[in-house]
Amino acid sequence: MIKARNLTKTFNDHRVVNDISFELAEGQTMVFLGTSGCGKTTTLRMLNQLINPSSGSVYINGNDIREQVPEQLRRSMGYVLQHNSLFPHYSVLENIAVVPQLLKWDKRLIRNRAIELMEKLHLPEKLLSAYPRQLSGGEAQRVNIARALVAKPPILLMDEPFSALDTITRLAIRQEFAALDELKDKTIVMVTHDVQEAFEMANIICLMDKGRIIQQGKPADLLFHPTHDFVRDFLSDSFLQLALTVTHLEAVWPYLTAAVSTHSVQINLSVNATIAKAFNAVKDKNNWDAVIAITNGTERKTTDWAGLLQAYAQYKKKRL
Amino acid sequence: MIESQSLWAFIASLWQKLLEQTLQHLGLTFMALIIAIAVGLPLGIFITKQKKWATPILGIAGILQTIPSIALLGFLIPLLGIGAKPAITALFLYALLPIIRNTYTGITIVDAEIKEAAKGLGMTSVQILTKIELPLAVPVILAGIRTAAIINVGVATLAAYIAAGGLGEYIFGGIALNNTNMILAGALPAALLALLLDGFFYLLQKIQITKRSIYSIVSGAIMVIALVSFQNIHSAEGLLAGFEPEFMGRQDGYLGLKSVYNFKMRTVVIGDAVMYGALNEHKLDVIGGYSTDGRLKAFGLRTLKDDKHIFPPYYAAPLVRTSKLKSYLELNTVLNLLAGKINDSVMTELNYKADFLKQSPERVAKDFLLQQGLWKEPQPTTAGSFVIGSKIFTEQYILAQLYAMLVAGYTHLKPEMKTGLGGTKICYDALRNGNIDMYPEYTGTGLLVILNPTQSVLNRLNGNRDSVYRYVEENFRKTQQLTWLKPIGFNNTYALMMREKDAARLNITTISQLNKVN
Ligand SMILES: Nc1ncnc2c1ncn2[C@@H]1O[C@H](COP(=O)(O)OP(=O)(O)OP(=O)(O)O)[C@@H](O)[C@H]1O
Ligand SMILES: [Mg+2]
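Since we're looking at a predicted model, the values are computed, not measured.

Some thoughts on the pattern of salt bridges
All names here are of chain A. Counting across every chain of the model gives 33 salt bridges over all chains. Here K120 ties to D181 by a salt bridge, and the two come within 3.5 Å at their closest N and O atoms. With K120 in helix 5 (residues 107–120) and D181 in the loop between helix 7 (167–179) and strand 8 (187–192), this pair connects stretches of sequence that are 61 residues apart. On the basis of relative accessible area, K120 is assigned to the partly exposed category, the value being 25%.

Printed below as a string of structure tokens:
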């Protein structure tokens, strides 16, 4: 779907992006991760021609993007920045309507689509006539996402979309976002410097440093098979949390012991969920005795958080 | 209290004329504003896109702003003549800087993230400009237009100097005539206009900018401006007279022309400095000027005979603080050295040398003294200073120089010059307050502008040279502690003037004949 070949960008003799290549299949999410100033934003902006590479090329569905009219290219890609990028003199509806209007959609269609998105993003419909200054940070960012999604672009580009929010709002929006059905088939490129965020959302992570991609691959690969010390160091701070984030219940399934006694609070999950997700669910219930029920096809096992941790420990032992 | 009552009475008696001038004033201001917006806005936008032009363009607009308004008008008259055209051009040039600068700033300070988002969503650069940058810059641009409007209301008073009308006519007339009510009749509406405009734009700026409000604000503002601008563009046929502000308010001027001659000619107000040039260039047909002016000779002008005697004699003489004469007894003799030495044609000749041959007043003065055998090298100064004032025209500069040279040569006083005082009132007040010790004044002016006697007194004096001098001398000595020394000799009377050719063609020699022709 998206293919970048030997992208390089030089600002005043300084190689901000240095010969990077990557490829992303349809429906996948790629996250660029790295410290401030390593060239993430620059890389992202080369994908929709906001910046022209000094050398190298970008192909979308096999076509070189330089052969496209930049404005048309951009209208076919959703673009999300931090929440203060809403147009302050436009109402929420007018903000969401920007791209459809550029594409000359019918007025009623735009409105219906906006209402649909407001509902999906848990925004009250009456906010359609509000102005950005009247919104909370979380609401503004939901509108921002709606604005990017409204014209159903196959590709979504996001530059630190959640970084300006407080921790609690950020988690909430991120989870909401991950659950959006609108995103099912979207190809997403996202920039962040939040490691946890990257691991939760990415199919592929590109870890960057000083303009280069140090390692790209599945989150678990980066965590368990780092190719450079830089990668190991970068991830070491939150290793356990990340490990639980990349380990699915499926992996620990064989090590789950017999059922625990039933309890009034029960959490139902499938084996596709991650251990981190199971823990989060327990935390959300605010009840450490909660029972976790896991279904694997027709089979079903119950456990609790301590049982999960034991199973994980055994799984790790076997793998080493 | 009495003062304020008479002010309102004065304004009430003039309200129609004042309304007309206020509209003229607004018309000039807004016309210039529209053109400045039409030019400044695109220029401001241009320099946000071509940053390397920003410094030179803002620089030039800034320099224009620093040219003194009178000087700017002076530069424009040879190019554009007199009237509304040069006035609007000058106002336009002053309004440019705030509009260009604020457009530039307003667009530049739009949040980069927002521009980035607009671009990222697929807006073209024109769409970004018209949908995002300009609307968000509107409050700042309006602030620029507001500044420009206030500047223009102020500067537009000077339009009165070049026959473009406006509230300056009363202001400058009042200043020259020592008439506070007249000054206020022009200044109060001007101040009021400035405040109203300020408030109007303030309110506009306060309106929250939304996609919808933006169009109503902009189109509303343009409508109002356009409405006022175009409503007093009119022209008329026939001969055109131009009189300076002081002339307009004097009994021995326009008021007398109207009451005694029933003068009906179309009239504009114009500054003394540009009046002769305008006549010479056929922009005006009749002016009220001074009979000894050097340009009379240079431009081939004919003075019309005052057959109904509205202009009293204006014999020039030094007007001196009596106290100064008493402390320095020799001054009396020295300042009277010129008495009777300069007749009408000699004065005209001296003025001609300065005005037309462009000799400096010093040189003209020194040459004259040398030729008369009155020149002496300056003596060492041991006795303090003697301040000589003058009004703001050539003849007065020359006379002031003559007296300065005499004082330096014949006394131990140190002559100091305070020349170019803008009118009778200013000179007279300066003299009374001791800011100056003497200036050359004219008997008729002293009589009508300062003493302002009753009609019966005027009838008794009957325009007689000696009786006017005696009346003025006696009254100033008794009531003002000021002394009129002996007349210098020439009579610089006010006179109506025409181009010699026209006067000959139309066969006009008197004011009455002129009035009939029109
Ligand atoms: N237009 C530009 N001109 C010159 N230098 C630039 C420009 N844009 C970016 N840079 C430089 O390029 C480097 C990489 O910038 P970039 O914005 O891609 O970093 P980033 O990884 O997104 O950082 P952050 O996490 O802080 O957003 C920085 O050192 C920045 O100063
Ligand atoms: Mg960045």
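Notes on the site of ligand 1
Residue and element names in this part refer to chain A. Close to ligand 1 lie F11, V16, S36, G37, C38, G39, K40, T41, T42, E160 and H193, which account for all nearby residues. The protein chains hide 60% of the 630 Å² of surface that ligand 1 would expose on its own. Considering every element that reaches the shell around ligand 1, the biggest residue donor is helix 1 (residues 40–47), with three residues. Here the residues of the shell around ligand 1 are counted per class, giving three nonpolar, six polar and two charged.

Quick look at the packing of aromatic side chains
Residues and elements named next belong to chain B. Considering all chains together, one arrives at 25 aromatic pairs over all chains under this definition. Pairing F46 with W53 gives two aromatic rings, centres 6.3 Å apart and planes at 50°, and the pair type is tilted. By relative accessible area, which is 35% here, F46 ends up partly exposed. On the basis of an interplanar angle of 85° and a centroid distance of 5.5 Å, the ring pair of F476 and W484 is categorised as edge-to-face. Judged by its relative accessible area of 0%, F476 is buried.

Let's talk about the pairing of strand 6 (residues 77–80) of chain A
Residues and elements named next belong to chain A. Side-chain alternation along strand 6 places M77 and Y79 on one buried face and G78 and V80 on a second face that is also buried. Looking at chain direction, strand 6 and strand 7 (residues 155–159) are connected through four bridges and run parallel. Residue pairing for strand 7: V80 is matched across the bridge by M158.

A word on the domain arrangement of chain B
When the parts of a complex come together, some accessible area is lost, and that lost area is often used as the size of the interface. Residues and elements named next belong to chain B. Parsing chain B into structural domains produces domain 1 (7–231), domain 2 (240–311 + 496–517) and domain 3 (316–492). Computed over C-alpha atoms, the centres of domain 1 and domain 2 are 35 Å apart. On the domain 2 side, the residues contacting the 14 residues of domain 1 number twelve residues. Buried surface at the junction of domain 1 and domain 2, both sides included, amounts to about 1000 Å², of which 75% is carbon and sulfur. Looking at the side of domain 1 facing domain 2, the largest losses of area belong to I82, Y161 and L177, adding up to 42% of the total buried there. Linking domain 1 with domain 2 are zero salt bridges.

Quick look at empty space enclosed by the protein
Residues and elements named next belong to chain B. Inspection of every chain in the model, using the stated rule, returns five cavities of 30 Å³ or more. Within this model, the largest cavity holds a volume of roughly 60 Å³. Lining the largest cavity, in full, are D272, Y290, T292, D293, R295, N351, D355, F393, T394, E395 and N492. Secondary-structure elements contributing two or more residues to the lining of the largest cavity are helix 17 (344–355) and helix 19 (394–410). Along the lines of polarity and charge, the residues of the lining of the largest cavity split into two nonpolar, four polar and five charged. Per-domain counts for the lining of the largest cavity show at least three residues from each of domain 2 (240–311 + 496–517) and domain 3 (316–492).

Focus on the sheet that holds strand 6 of chain A
Residue and element names in this part refer to chain A. On the basis of which strands lie adjacent, the open sheet formed by six strands has the order 6-7-8-3-9-10 and mixed pairing. Of all the strands in the sheet, the pair left with one neighbour each is strand 6 and strand 10 (212–217). Each strand axis lies, on average, 15° off the axis of its neighbour in the sheet, ignoring direction. Taken together, the five bridges between strand 7 and strand 8 define a ladder with parallel strand orientation.

Reading guide: rules and limits
Residues numbered from 1 in each chain as written. Chains lettered and ligands numbered in written order. Predicted model: local features only at pLDDT ≥ 70, side-chain atom pairs only at ≥ 80, totals over all residues. Heavy atoms only, no water. Salt bridge = Lys/Arg side-chain N within 4 Å of Asp/Glu carboxyl O. Helix = DSSP H or I, 4+ residues; strand = E, 2+ residues; numbered from the N terminus. Buried < 20%, exposed > 50% of the residue type's maximum accessible area, 1.4 Å probe, protein only. Near = heavy atom within 4 Å. Areas by Shrake-Rupley, 256 points an atom, 1.4 Å probe, with all protein chains shown as cover. Nonpolar A, V, L, I, M, F, W, Y, C, P; charged D, E, K, R; others polar. Phe/Tyr/Trp six-rings, centres within 6.5 Å; stacked < 30°, edge-to-face > 60°. Pairing = 2+ DSSP bridges. Domains from an automatic or database assignment. Contact = heavy atoms within 4.5 Å. Buried area = accessible area lost by both parts, 1.4 Å probe. 1 Å grid on protein atoms, 1.4 Å probe; cavity = no way out; pocket = protein on both sides within 12 Å on 5 of 7 lines; lining within 4 Å. Points joined across faces, edges and corners; volume = space filled by probe spheres on them. Axes fitted to C-alpha atoms, helices over the stretch in contact; angles between N-to-C directions.

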